[in-house]
Amino acid sequence: MSPNCILERVATTKSTNDDLLVRWRAGELIDPVARIAHEQTAGKGRAGRVWLSNPEDTLCFSLAYPLQKRPNELSGLSLVIGLAVIAGIAAALGISEAALHQQGLRLKWPNDLLINNAKLGGILIEGGQTNLSSPTWMVIGLGLNLRNADAIQQNLEANSSFGAAALDQLMPHQAPVPDTEFIWLKLIESFERYLSEFNQHGFGHFQNHWKQWDAYDGQAVCISGAGKESVFGIADGVDSTGALLLNQHDKTIAIHAGDVSLRVQS
């Protein structure tokens, strides 16, 4: 792990993402900061949704990280972080990525982790650049279910189309999930490694790797967004910018919009 990553632990906060964003806007961030909270009282999901969690059963943290790219060069970042989470989980559990894939761990474009189509975790990325000469600070939030998926499921919104999954479902022979602090540190190590590669090479470096984990690759899907007409097609991975590719009869289209909901077409 980089010695320049500051580790912060708090018992309760509204949102670790918001905590770090306030400091970024005030120009107070110098080195990367990873901030973990035992409990988030107003955790955030994508598109303004609420991230529901049970404090004892979930890991919630954010990493503020400076990238030497402009905001328009950061497309695909959430997909890279998904790959970093998988690598971090493998390291923390002592299980190979191939074994995790065999158990049904997948990535859902653009920012969710699934186990056999049930939601294991979600990624939220915010931030930007205050001026052209400064780094682009991104605040990367992760919510990850560790155990007791049934209890977490009871907190989900009634209209949620996904069940809940938890990390303990990946453990062999019902072994306990490792200590939360240990998992957190392994995830930070993985985040820093993948972010360094992304800084150097961009998303194209990860394009084929991400396709291997695509939950809906080759399936008929429907993309819907608030106020937009639904788009149908066969999911065919992503392009070099991280845009979702859909095959439609005799053409392929790229979906770039961030506020979309991807569902397998019934």
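As the structure is a computational prediction, the values presented were derived from the model and not from experiment.

A. Region of interest: empty space enclosed by the protein. Taken as a whole and judged by the stated rule, the model has one cavity of 30 Å³ or more. Taken as a whole, the largest cavity encloses approximately 30 Å³ of empty space. Lining the largest cavity are Ser78, Leu79, Gly82, Leu107, Lys108, Pro110, Asn111, Asp112, Ile123 and Trp210. Those elements giving two or more residues to the lining of the largest cavity turn out to be helix H2 (77-93) and strand E4 (105-108). Ranked by the residues each element gives to the lining of the largest cavity, the list is headed by H2, at three residues. Of the residues that constitute the lining of the largest cavity, the class distribution is five nonpolar, three polar and two charged.

B. Geometry of the sheet that holds strand E2 (residues 33-40). Sheet architecture is open: seven strands sit in the order E1-E2-E3-E7-E6-E5-E4, paired in mixed fashion. The open sheet terminates on both sides in strands that have one partner only, identified here as strand E1 (6-13) and E4. The sheet shows a mean angle of 20 degrees between the axes of neighbouring strands, direction not considered. As defined by bridge partners, E1 adjoins E2 across seven bridges and the pair is classed as parallel. Following the sheet pairing, leucine 7 is matched in E2 by alanine 34. Its contacts with the sheet place helix H1 (residues 16-25) against E1, E2, strand E3 (58-67), strand E6 (118-128) and strand E7 (136-145), and it is angled at close to 140 degrees to E2. Across the sheet, H2 lies against E3, E4, strand E5 (112-115), E6 and E7, angled at about 130 degrees from E6, the strand it touches most.

C. Representation of the pairing of E4 in the model. Relative to E5, E4 is paired through four bridges, and the arrangement is antiparallel. Its bridge partner being in E5, leucine 107 is matched across the sheet by leucine 113. The antiparallel pairing of E4 with E5 creates a hairpin that spans three residues between the two strands.

D. Representation of the packing of H2 against helix H5 (residues 180-201) within the structure. Running from N to C, H2 and H5 point in directions that differ by 140 degrees, and their axes come no closer than 8 Å. By the criterion of interaxial angle, the relationship of H2 to H5 is oblique. The crossing of H2 and H5 is right-handed. Facing H2, whose interface residues are Leu77, Val80, Ile81, Leu83, Ala84, Val85, Ala87, Gly88, Ile89, Ala91 and Ala92, H5 presents Phe182, Ile183, Lys186, Leu187, Ser190, Phe191, Arg193, Tyr194, Leu195 and Phe198. Across the contact of H2 with H5, the residue classes tally to 17 nonpolar, two polar and two charged.

E. Focus on unusual backbone geometry. Of the consecutive residues tryptophan 109 and proline 110, the connecting peptide bond is found in the cis state with omega at 0 degrees. Along the chain, the position of proline 110 falls in the loop between E4 and E5. If you check the backbone angles, asparagine 117 has positive phi at about 70 degrees while not being a glycine. Position of asparagine 117 among the secondary structure elements: in the loop between E5 and E6. In the Ramachandran plot, asparagine 148 falls in the positive-phi region, its phi being about 60 degrees despite a non-glycine side chain. With respect to the helices and strands, asparagine 148 occurs in the loop between E7 and helix H4 (149-155). On the accessibility criterion, asparagine 148 (39% relative accessible area) is partly exposed.

F. Focus on the packing of aromatic side chains. Within the structure shown, the criterion is met by three aromatic pairs. Seen from their ring centres, phenylalanine 61 and tryptophan 184 are 6.4 Å apart, and the 70 degrees between their planes marks the pair as edge-to-face. Linking phenylalanine 61 in strand E3 with tryptophan 184 in helix H5, this pair joins segments that are 123 residues apart in sequence. In this pair, the class of phenylalanine 61 matches that of tryptophan 184, namely buried. Among the aromatic residues, those joined into a ring-pair cluster are Phe61, Trp184 and Phe191. We note lysine 69 situated over the ring of phenylalanine 198; from NZ or CZ to the ring centre the distance is 5.9 Å.

G. Looking closely at the pattern of salt bridges. Using the criterion set out here, one finds nine salt bridges in the structure. Between arginine 23 and glutamate 8 there is a salt bridge; the shortest N-O distance is 2.7 Å. Of this pair, arginine 23 sits in helix H1 while glutamate 8 is found in strand E1, placing the two residues 15 residues apart along the sequence. Residue arginine 9 is joined to glutamate 181 by a salt bridge in which the shortest nitrogen-to-oxygen separation is 2.6 Å. Placement of arginine 9 in strand E1 and of glutamate 181 in helix H5 is noted, with a sequence separation of 172 residues between them. Residue class for glutamate 181 comes out partly exposed when judged on its relative accessible area of 27%. A single salt-bridge network, built from bridges that share partners, covers Glu8, Asp19, Arg23 and Arg35.

Calculation rules
Residues numbered from 1 in each chain as written. Predicted model: local features only at pLDDT ≥ 70, side-chain atom pairs only at ≥ 80, totals over all residues. Heavy atoms only, no water. 1 Å grid on protein atoms, 1.4 Å probe; cavity = no way out; pocket = protein on both sides within 12 Å on 5 of 7 lines; lining within 4 Å. Points joined across faces, edges and corners; volume = space filled by probe spheres on them. Helix = DSSP H or I, 4+ residues; strand = E, 2+ residues; numbered from the N terminus. Nonpolar A, V, L, I, M, F, W, Y, C, P; charged D, E, K, R; others polar. Pairing = 2+ DSSP bridges. Axes fitted to C-alpha atoms, helices over the stretch in contact; angles between N-to-C directions. Contact = heavy atoms within 4.5 Å. Parallel < 35°, antiparallel > 145°, perpendicular 65-115°, else oblique. Left-handed = near helix turned anticlockwise from the far one by under 90°. Buried < 20%, exposed > 50% of the residue type's maximum accessible area, 1.4 Å probe, protein only. Phe/Tyr/Trp six-rings, centres within 6.5 Å; stacked < 30°, edge-to-face > 60°. Lys NZ or Arg CZ within 6 Å of the ring centre and 35° of its normal. Salt bridge = Lys/Arg side-chain N within 4 Å of Asp/Glu carboxyl O.

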